[in-house]
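Below, each chain spelled out in residue letters.
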Amino acid sequence: MRKHFVTLLALTLLFSACQETLEERCSREARDFTRKHCPMTVGNDVVMDSMTFDAATHTISYLYTLSGALDDAGRINNSNSRELLLQDVRNSTQLKLYKEAKYNFRYVYYSQQKKGTKLFEATFRKEDYR
């Protein structure tokens, strides 16, 4: 009986040690996604460069590069980009777990023509998408 208890205890400790926190999972998924899929063309003149996670602020960031006709800060900032992105966050079933955990979602768009130039940025917090 005691041998079974020790074995059960060892297995319990082993499996509980293998479980990752939501923060660890998010960090791993962002890193794996970026490594496997980026850069990735997501539409005309839009390339997803990476996805990152900041555990300190619980923020998932999506970084993109825009080219062609979209590579224009005036055009991006004068459109309803923020509202469209917010609707995507609100409607996304893939983000459900992270929305329930009240994570933030940040979208950053850079210029291909002017390397390093940020064209647009939007961050959505729980108050925005609920």
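Residues numbered from 1 in each chain as written. Predicted model: local features only at pLDDT ≥ 70, side-chain atom pairs only at ≥ 80, totals over all residues. Heavy atoms only, no water.

Description of the nonpolar core
By size, the foremost hydrophobic cluster in this structure holds 26 residues, and its most contacted members are Ile60, Tyr62, Phe105, Tyr107 and Phe124. For this core, the elements supplying multiple residues, two or more each, are α2 (22-37), β2 (46-54), β3 (59-66), α4 (81-91), β4 (104-111) and β5 (118-124). (Core = buried A, V, L, I, M, F, W, Y, C linked by side-chain atoms within 4.5 Å. Buried < 20%, exposed > 50% of the residue type's maximum accessible area, 1.4 Å probe, protein only. Helix = DSSP H or I, 4+ residues; strand = E, 2+ residues; numbered from the N terminus.)

Description of the layout of surface pockets
Roughly 570 Å³ of internal volume is contained in the largest pocket. Lining of the largest pocket is provided by 23 residues; of these, Tyr62, Ser92, Gln94, Leu95 and Tyr107 occupy positions nearest its centre. When residues of the lining of the largest pocket are traced back to their parent elements, those giving at least two are α2, β2, β3, α4 and β4. Class assignment of the residues belonging to the lining of the largest pocket gives a composition of 17 nonpolar, 3 polar and 3 charged. The space that makes up the second largest pocket amounts to roughly 180 Å³. What lines the second largest pocket is a set of 11 residues, among which Leu66, Leu70, Ile76, Ser81 and Tyr109 lie closest to the centre. With 3 residues, α4 is the largest single contributor of residues to the lining of the second largest pocket. (1 Å grid on protein atoms, 1.4 Å probe; cavity = no way out; pocket = protein on both sides within 12 Å on 5 of 7 lines; lining within 4 Å. Points joined across faces, edges and corners; volume = space filled by probe spheres on them. Nonpolar A, V, L, I, M, F, W, Y, C, P; charged D, E, K, R; others polar.)

Observations concerning α2
Its 16 residues give α2 an end-to-end C-alpha distance of 22 Å, which sits within 8% of 22 Å, the value for a rise of 1.5 Å per residue. Burial in α2 covers these residues: Cys26, Ala30 and Asp32. (Expected span 1.5 Å × (residues − 1).)

Some details on the pairing of β2
For a regular strand, side-chain orientation follows a simple rule: the groups alternate between the two sheet faces. Two strands pair when backbone bridges link them, and strand β1 (residues 40-43) and β2 are joined in this way by 3 bridges, in the antiparallel orientation. Among the inter-strand pairings, glycine 43 is bridged to a residue of β2, identified as valine 46. What sits between the antiparallel neighbours β1 and β2 is a turn of 2 residues, in which aspartate 45 has the positive phi angle 65°. Taken together, the 8 bridges between β2 and β3 define a ladder with antiparallel strand orientation. Its bridge partner being in β3, methionine 51 is matched across the sheet by tyrosine 62. What sits between β2 and β3 in their antiparallel hairpin is a turn of 4 residues, with histidine 58 showing a positive phi close to 55°. (Pairing = 2+ DSSP bridges.)

Quick notes on the sheet that holds β4
In space, the 5 strands of this open sheet follow the order β1-β2-β3-β4-β5, with mixed pairing throughout. The open sheet has two edge strands, β1 and β5, and neither has a second partner. Sheet twist, expressed as the average angle between the axes of neighbouring strands with direction ignored, equals 30°. Seen against the sheet, α2 touches β1, β2 and β3 and runs at an angle of roughly 155° to β2. Sheet strands in contact with α4 are β4 and β5, and its direction is about 40° off that of β5. (Axes fitted to C-alpha atoms, helices over the stretch in contact; angles between N-to-C directions. Contact = heavy atoms within 4.5 Å.)

Some remarks on the pairing of β3
By the criterion of burial, β3 is predominantly enclosed, with 8 of the 8 residues buried. Of the two faces of β3, both are covered, the one formed by Thr59, Ser61, Leu63 and Thr65 as well as the one formed by Ile60, Tyr62, Tyr64 and Leu66. Pairing of β3 with β4, which is carried by 8 bridges, proceeds in the parallel orientation. Bridging from a neighbouring strand, leucine 66 pairs with serine 111 of β4.

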